[in-house]
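Listed below are the residues making up each chain.
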Amino acid sequence: MKDFAPQPPAHGCRNAPVLKERGQREVFCGLTGIIWLHRKMQDAFFLVVGSRTCAHLLQSAAGVMIFAEPRFGTAILEEKDLAGLACANEELDREVDRLLARRPDIRQLFLVGSCPSEVIKLDLHRAAERLTQRHAPHVRVLNYSGSGIETTFTEGEDACLAAMVPTLPDTNERQLLLVGALPDVVEDQALGLLRDMGVAPVRCLPAHRAAETPGVGANTVVALTQPFLNETAAFLERRGARLLSAPFPFGEEGTTAWLWTIAQEFGVDADTFARVTDAPRARARKAIAAAAETLRDKSIFFFPDSQLEIPLARFLTRECGMTAVEVGAPFINKQIVGPDLDLLAEGPVIAEGQDVDLQLDRCRAARPDLTVCGLGLANPLESEGMATKWAIELVFTPVHLYEQAGDLAGLFARPLRRRALLSGLEG
Ligand code: SF4
């Protein structure tokens, strides 16, 4: 039978030594995830229990939403409001009552914790239970932390989905559960490909609306769409679901490997798989080849940020001809990114966590052609003449699956082209 599994290198990185760093880190906090989660979950509201800093972060990350009634907000806890925790809880309850009275369209309300010590003292889990009782059955209230002390920016989505898992209904139905907040256009493509192969039923977490919330149980097979969903995956396993082990669907090869793993699980034969994927695979290869002209033989250095680093390093080295110098990730869970590590040829430093000054020293010494990092590091590195790519763009841009594979490669090619242009002008 024809096999669509990718050919691993002689020596992959699964067993490569991992440089573990536990120093200062420069990453956005988990509140950032609200920006893409609120677009996905159309009857949810995210109420950040936090400070003015949190409100500013959300406002600047989301842009100013003047015309739309936003589906996130900040309940600001001022120090002077906190004569006692009882007061703060009453204030929170009043805020929620006011919000839900004004917005009857809200069906799911997330209380999102943050860093200020006043917030940490509040028991938001208890508050969510209390408010669920008060507003059931119309609204379910859940809580999670997006605090910068506890979460890096993509961990906010993980914490949000993990909070939902215990509330999912039980089901014994044999089903595929796609887990991760994909942009609608990408989710539709995934569902279309799976439908054409005959994989059914397929459900999504998160769902667009509370009424479409999937069930979970022993016959649920989970395909993660994002590599940062460690806690969610563990919670789903505790509910009896089984996790598929596959590379993530970035690039032609990653998408094919991800789909092929699902296809094998659901008994799709190789001919059907080829009939459904041949055309989009060819389109993806062609689109990647165009961007790869700029990327080939260029070196890349990843600071730990989005947790997409390992699958992206696999894509950029294998499909675009780049050389990875260092691949840093905030956390490395080999159960989840192991298949990508298997495909990443040994060579780069694999680093977990961060000690930002030490990593900057390594990066400056290596002088990579392209550095993937957060906004705070990008500006200084650019001023030193290094080309950078903001990691946050990778979660705000549709980058999964075949039709976006060219755009994904293009995201990395653009800063190199810009720098080449600028140096041409300077010369
Ligand atoms: Fe709020 Fe903490 Fe995030 Fe700053 S790091 S925006 S205080 S949650």
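One structure accompanies this document, and this report is about it. What you see is a predicted model, and the numbers here were worked out from it, not measured in a lab.

1. Topic: the overall build of the protein chain
Secondary structure assignment for the protein chain yields 16 helices and 14 strands. At 22 Å, the protein chain has a C-alpha radius of gyration in line with the 22 Å of a compact globule built from 427 residues. In terms of overall dimensions, the protein chain has a C-alpha envelope of 60 × 55 × 40 Å along the principal axes. In the protein chain, which comprises 427 residues, the share counted as buried stands at 56%. Contacts spanning at least 24 positions in sequence make up 76% of the contacts within the protein chain whose residues lie at least 6 apart.

2. Quick notes on the nonpolar core
Judged by nonpolar contacts, the single largest core of 110 residues is most densely connected at Phe46, Phe110, Tyr144, Leu176 and Phe412. If near-sequence neighbours (up to four positions away) are discounted, Phe46 is found in contact with Ile34, Leu37, His38, Met41, Arg71, Phe72, Gly73, Phe110, Val112, Tyr144 and Cys160. Counting 20 residues, the second largest nonpolar core, distinct from the first, contains Phe45, Ala88, Ile106 and Val139.

3. Quick word on the sheet that holds strand β6 (residues 175-179)
In spatial order, the strands read β7-β6-β8-β9; together these four strands make up an open sheet with parallel pairing. Every interior strand has two partners, whereas the edge strands, β7 (202-205) and β9 (242-243), have only one. One ladder, built from two bridges, connects strand β8 (residues 220-224) with β9; its direction is parallel. Along β9, the bridge assignment pairs Val221 with Arg242.

4. So, the side chain of Asp340
Counting through the fold element by element, Asp340 comes out in helix α12 (residues 334-343). Exposure remark for Asp340: the relative accessible area of 0% places this residue in the buried category. Sequence-distant contacts of Asp340, that is, excluding residues within four places in its chain, are made with Ala246, Pro247, Phe248, Ile310, Pro311 and Arg314.

5. Side note on α12
Extensive coverage of α12 is indicated by the burial of seven of its ten residues. Among the residues of α12, those classed as buried are Ile336, Val337, Gly338, Pro339, Asp340, Leu341 and Leu343. Contacts made by the buried residues of α12 are with β8, α8 (230-238), α11 (309-318) and β12 (349-354). Among the residues of α12, the N-terminal cap falls to Asn333, whose side-chain oxygen and the backbone nitrogen of Gln335 are separated by 3.0 Å.

6. A short note on the environment of His400
As for its position among the elements, His400 is in the loop between α15 (393-396) and α16 (401-426). Setting aside anything within four residues of it in sequence, one finds His400 in contact with Leu182, Val186, Thr225, Gln226, Pro249 and Phe250. Looking at His400, its side chain comes within polar contact range of the main-chain oxygen of Thr225, at 2.8 Å. Of note is the side chain of His400, whose polar atom sits 3.3 Å from the side chain of Gln226.

7. Concerning the sheet that holds strand β5 (residues 140-145)
Read from one edge of the open sheet, four strands run β3-β2-β4-β5, paired in parallel fashion. In this open sheet, the two strands that pair with only one neighbour each are β3 (72-76) and β5. Within this sheet the neighbouring strands show an average axis-to-axis angle of 25°, counted without direction. Strand direction decides the pairing type here: strand β2 (residues 44-50) and β3, joined by five bridges, are parallel. Within β3, the residue paired with Phe46 across the bridge is Phe72. Helix α5 (residues 124-135) rests against β2, β4 (108-113) and β5 of the sheet, and its axis sits at about 170° to β5. The strands touched by helix α6 (residues 155-164) within the sheet are β2, β4 and β5, with β5 carrying the most contacts at an inclination of about 140°.

8. Focus on the pairing of β5
Along β5, five of the six residues are buried, which leaves the element largely enclosed by surrounding structure. Looking at chain direction, β4 and β5 are connected through six bridges and run parallel. Among the inter-strand pairings, Val112 is bridged to a residue of β5, identified as Tyr144.

Cut-off values and rules
Residues numbered from 1 in each chain as written. Predicted model: local features only at pLDDT ≥ 70, side-chain atom pairs only at ≥ 80, totals over all residues. Heavy atoms only, no water. Helix = DSSP H or I, 4+ residues; strand = E, 2+ residues; numbered from the N terminus. Rg over C-alpha atoms; globule rule 2.2 N^0.38 Å. Buried < 20%, exposed > 50% of the residue type's maximum accessible area, 1.4 Å probe, protein only. Contact = heavy atoms within 4.5 Å. Core = buried A, V, L, I, M, F, W, Y, C linked by side-chain atoms within 4.5 Å. Pairing = 2+ DSSP bridges. Polar contact = N/O pair within 3.5 Å; in protein donor to acceptor, adjacent residues only side chain to side chain. Axes fitted to C-alpha atoms, helices over the stretch in contact; angles between N-to-C directions.

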